[in-house]
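So you can see what is in the structure, the chains are spelled out below.
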Amino acid sequence: MSRIDELIAEFCPDGVEFKEIGELVMRTSNIRWQDVQGEEFKYIDLTSVDRDTHTIGETETIDSEAAPSRAQQIVREGDVIFGTTRPTLRRYCLISADYDGQICSTGYCVLRPRAELLRSNFLFHLLGTEAFYSYVEANQRGASYPAIADGAVKAFRIPVPSIELQVEIANALDAFTELEAELEAELEARRRQ
């Protein structure tokens, strides 16, 4: 029996409850540019998040004078952001300490898990599932420039096992993702040979 099987038997003998994401996250805030005159921020635009690695690549440095109108949302370490504009492009990532207190586009839904209910990396992995993307496709609006509302993202129901089980599952998925990246790098190196 694996460690995850043991935890399921211990903490979820009657199954796992499902809840809407919105029940498990905190409210976030927008920046008030007039209060931060002269300060600079890294701006996470829709193109900043890599669609394959789900990490932040290039960002632009902005201030109150040069901020695009969509530069509004303050992100914190542990937030998970999901691109709601053209959502099937799968632009989502986990905010690292490097981007704590920085700004992201209103084209993202910012999800800030309540630590006592939901682990950030568990939520991050759930946003990569086919079940979530089937839901997104069914709930996006618009043909030429599809989008999904933040409220619709937060209405998606996810399994909510115990925190201990979330940590174990997320750790296993993190290890698998790392191994997959190493294998892809090895395959690319062999192709070049």
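Summary of the structure given here. Nothing here was measured: the structure is a model prediction, and the numbers come from that model.

### Things to note about the overall build of the chain
- Each helix and strand counted, the chain has 5 helices and 10 strands in total.
- If you line up the chain on its principal axes, its C-alpha atoms span 60 × 50 × 35 Å.
- The 193 residues of the chain split such that 39% are buried.
- In the chain, of all internal contacts separated by at least 6 residues, the share reaching a separation of at least 24 is 78%.
- As displayed, the chain has an accessible area near 11100 Å², and 47% of this comes from carbon and sulfur atoms.

### Quick word on the pattern of salt bridges
- Tallied over the full model, the rule gives 5 salt bridges.
- With its nearest N and O atoms 2.7 Å apart, the salt bridge here joins arginine 32 to aspartate 35.
- Its relative accessible area of 49% is what places arginine 32 among the partly exposed residues.
- Between aspartate 79 and arginine 112 there is a salt bridge, and its shortest N-O distance comes to 2.8 Å. Separated by 33 residues along the polypeptide, aspartate 79 in the loop between strand 5 (71–74) and strand 6 (80–83) and arginine 112 in strand 9 (residues 108–113) bring together distant segments of the chain.

### Comments concerning the sheet that holds strand 7 (residues 92–94)
- Overall, antiparallel pairing links the 4 strands, which are arranged 2-9-6-7 in an open sheet. At either margin of the open sheet sits one strand with a lone partner, and together these are strand 2 (25–26) and strand 7.
- Both strand 6 and strand 9 contribute to a ladder of 4 bridges, which runs antiparallel. Looking at the pairing, glycine 83 lines up with tyrosine 108 of strand 9.

### With respect to the pairing of strand 3 (residues 41–44)
- Sheet topology places strand 3 next to strand 4 (residues 60–62); 3 bridges connect them, and they run antiparallel. Residue lysine 42 lies in a different strand from strand 4, and its bridge partner there is threonine 61.
- Alignment of strand 3 against strand 8 (residues 103–105), held across 2 bridges, turns out to be parallel. Across the sheet, the residue bridging to isoleucine 44 is cysteine 104, located in strand 8.

### Quick word on the state of the cysteines
- Overall, the coordinates contain 0 disulfides when judged by the stated rule.
- Not engaged in a disulfide, the cysteine cysteine 93 finds its nearest cysteine sulfur in cysteine 104; these two sulfurs lie 8.7 Å apart.
- Accessibility expressed as a relative area gives 0% for cysteine 93, which makes it buried.
- Cysteine 109 carries a free sulfur, and the closest cysteine sulfur to it, the one in cysteine 104, is 9.4 Å from it.

What counts as what
Residues numbered from 1 in each chain as written. Predicted model: local features only at pLDDT ≥ 70, side-chain atom pairs only at ≥ 80, totals over all residues. Heavy atoms only, no water. Helix = DSSP H or I, 4+ residues; strand = E, 2+ residues; numbered from the N terminus. Buried < 20%, exposed > 50% of the residue type's maximum accessible area, 1.4 Å probe, protein only. Contact = heavy atoms within 4.5 Å. Areas by Shrake-Rupley, 256 points an atom, 1.4 Å probe, with all protein chains shown as cover. Salt bridge = Lys/Arg side-chain N within 4 Å of Asp/Glu carboxyl O. Pairing = 2+ DSSP bridges. Disulfide = S-S within 2.5 Å.

Function cannot be inferred from these measures alone, as they are strictly geometric.
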